[in-house]
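Residue-level listing of the chains:
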Amino acid sequence: MIRRRSEGRGALAPWASRSTDSRGRRIAEAPAPTRSEFQRDRDRIVHSTAFRRLVYKTQVFLNHEGDLFRTRLTHSLEVAQLARSIGRSLGLDEDLIEAIALAHDLGHTPFGHAGQDALHDCMRPYGGFEHNLQSLRVVDCLEQRYPAFDGLNLCFETREGILKHCSRRQARHMESIEPDGVARRFLDGTSPSLEAQLCNLADEIAYNAHDVDDGVRSGLIQLDQLRTVPLVARFLDEAIADHSQLLQTPKRLLAETIRRMLSQQVYDVIDETGRRLDECDPHSADAARACPPLVAFSAGMRQASRELKAFLFQALYRHPQVVETTDRGRRIVRELFDVYRERPDQLPLDFQESPLRERAVADYIAGMTDRFAVREHRRLTGRDIL
Ligand code: MG
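Below: a short report on this structure.

Cut-offs used in this document
Residues numbered from 1 in each chain as written. Predicted model: local features only at pLDDT ≥ 70, side-chain atom pairs only at ≥ 80, totals over all residues. Heavy atoms only, no water. Axes fitted to C-alpha atoms, helices over the stretch in contact; angles between N-to-C directions. Helix = DSSP H or I, 4+ residues; strand = E, 2+ residues; numbered from the N terminus. Left-handed = near helix turned anticlockwise from the far one by under 90°. Contact = heavy atoms within 4.5 Å. Nonpolar A, V, L, I, M, F, W, Y, C, P; charged D, E, K, R; others polar. Donors = N, O, S within 2.8 Å, 3.2 Å for Na, K, Ca; no water. Buried < 20%, exposed > 50% of the residue type's maximum accessible area, 1.4 Å probe, protein only. Phe/Tyr/Trp six-rings, centres within 6.5 Å; stacked < 30°, edge-to-face > 60°. Expected span 1.5 Å × (residues − 1). Disulfide = S-S within 2.5 Å. Salt bridge = Lys/Arg side-chain N within 4 Å of Asp/Glu carboxyl O.

1. As for the packing of helix H5 (residues 112-123) against helix H15 (residues 320-342)
Move 1: Closest axis-to-axis distance for the H5/H15 pair is 8 Å, and the angle between their directions is 35 degrees. Of the two possible hands of crossing, H5 and H15 adopt the one that is right-handed. When H5 is examined against H15, the residues Ala 114, Gly 115, Asp 117, Ala 118, Leu 119, Cys 122 and Met 123 are found in contact with a partner set consisting of Thr 326, Arg 330, Val 333, Arg 334 and Phe 337.
Move 2: Of the residues belonging to the contact of H5 with H15, the class tally is seven nonpolar, two polar and three charged.

2. Description of the coordination of the magnesium ion
Move 1: The magnesium ion binds to the protein through His 75 (NE2), His 104 (NE2), Asp 105 (OD) and Asp 203 (OD), with metal-donor distances spanning 2.1 to 2.7 Å.
Move 2: Sequence spacing of the donors to the magnesium ion: H-x28-H-D-x97-D. With His 75 in helix H3 (residues 72-89) and Asp 105 in the loop between helix H4 (94-103) and H5, the pair connects residues that are 30 residues apart, well separated along the chain.
Move 3: In this structure His 75 comes out as buried when scored by relative accessible area, which is 0%.

3. Structural notes on the packing of aromatic side chains
Move 1: By the definition in use, this model includes four aromatic pairs.
Move 2: Relative to Tyr 317, the ring of Phe 313 lies with its centre 6.0 Å away and its plane at 90 degrees, an arrangement referred to as edge-to-face. Residue Phe 313 and its partner Tyr 317 are both found in helix H14 (residues 299-317); the two are separated by four residues, about one turn of the helix.
Move 3: Assessed through its relative accessible area of 40%, Phe 313 is described here as partly exposed.
Move 4: For Tyr 317, a relative accessible area of 24% corresponds to the partly exposed category.

4. What about H5?
Move 1: Its 12 residues place the ends of H5 17 Å apart at the C-alpha level, agreeing with the 16 Å of an ideal helix rising 1.5 Å per residue.
Move 2: Looking at the buried positions of H5, the neighbouring elements they touch are H3, helix H6 (131-142), H15 and helix H17 (357-367).

5. What to know about the state of the cysteines
Move 1: Applying the stated criterion across every chain yields a total of zero disulfides.
Move 2: Of all cysteine sulfurs in the structure, the one in Cys 155 sits closest to Cys 199, which takes part in no disulfide; the separation is 15 Å.
Move 3: Among the residues examined, Cys 199 registers a relative accessible area of 5% and is labelled buried.

6. What about the side chain of Thr 158?
Move 1: Relative to the helices and strands, Thr 158 is located in helix H7 (residues 156-162).
Move 2: Every residue in contact with Thr 158, bar those within four places of it in the chain, is listed here: Phe 38, Asp 41, Ile 45, Leu 96, Ala 99 and Ile 100.

7. Overview of the pattern of salt bridges
Move 1: The full count for this structure, using the stated rule, is 48 salt bridges.
Move 2: Linking Arg 40 and Glu 37 is a salt bridge whose minimum nitrogen-to-oxygen distance equals 3.3 Å. Taken together, the residues Arg 40 and Glu 37, both in helix H1 (residues 37-46) and three residues apart, mark about one turn of the helix.
Move 3: Looking at Arg 40, the relative accessible area reads 10%, which means it is buried.
Move 4: Of the charged contacts, one joins Arg 42 and Asp 43 as a salt bridge, the two residues approaching to 2.7 Å between their closest N and O atoms. The pair Arg 42 / Asp 43 is uniform in exposure class, with both members buried.
Move 5: Through salt bridges with shared partners, a single network forms among Arg 35, Arg 42, Asp 43, Arg 84, Arg 88, Glu 94, Asp 95 and Glu 98.

Fair warning: the whole summary comes from geometry, so function is off the table for now.
Listed below in structure tokens is the structure:
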């Protein structure tokens, strides 16, 4: 039953998304001579401006705090790696997986979640701001690279995977613009493709692991604190039991612990998903969409992952030092918003022309890298916040 394949890319399983069965692009295009539709989406994403900006956007630590911490770009690459590795075992389409994983954070503001919260606050009277909807907006409208259309004109399946969550109100609004589109499933309660489900779970696996790594390497989390987290403690102990010399080299001990933890989570997802697939036995990608979510942790791993997340929340995301710097980021975003709203002439020309000024301001700020936002804030206010 387990589909643990280690050899090269295998044939697609019946439940995989198939590029040849794609529900297509919003604007029809002739097929590419050598690439599948999902490959083409992945390539469009890699060549986009928003993708290149991810390198200077905060994950948890601000970009200028150190060169070795994760950024949105390296995070997205880790999500793609984990998801492809699991997806191959499950017979899923790796190109679609990669496209979704690389695009999933394109809509993130500078300064991580603090930036998004600040922008959402500013945008409350104008429809709010949500990074996940913004990721879709980037690939649907904001990228300007093609003569015939705005955005990247991606396939339905890639866009479906990018829209991870959506309120019912928002879904109704999107459904009125794009009937039977990517927001439909939030109204009829169906699931997204297995490739999309997988990227969502791989995102969680990736950030839990790399935030432990960055947290310890930054000195904000001590290895000993991790002993209180069962999922990490188990692999810390196993690593030391197998290699007692690791006690002398904490860096290697951390790396070995995280490696084991990642492997265990990957195997857990493959096993649990294999079990659910056996139970539901979907004969097509659409049959899989009609099933309850199939890509999942076992109950035990779900609980362990929750505990790790709770620990990270307390120990890292709420750490005074992290809060202090992200609060500065929050202020920068808020003040930038106010300045551009008062003085739209300070926006680039193509943003000035927009009839919805606040949305244009939000789009412009959301696209900024951390360091561009800092520089722009300094230019416009004459003050140094970061
Ligand atoms: Mg992410």
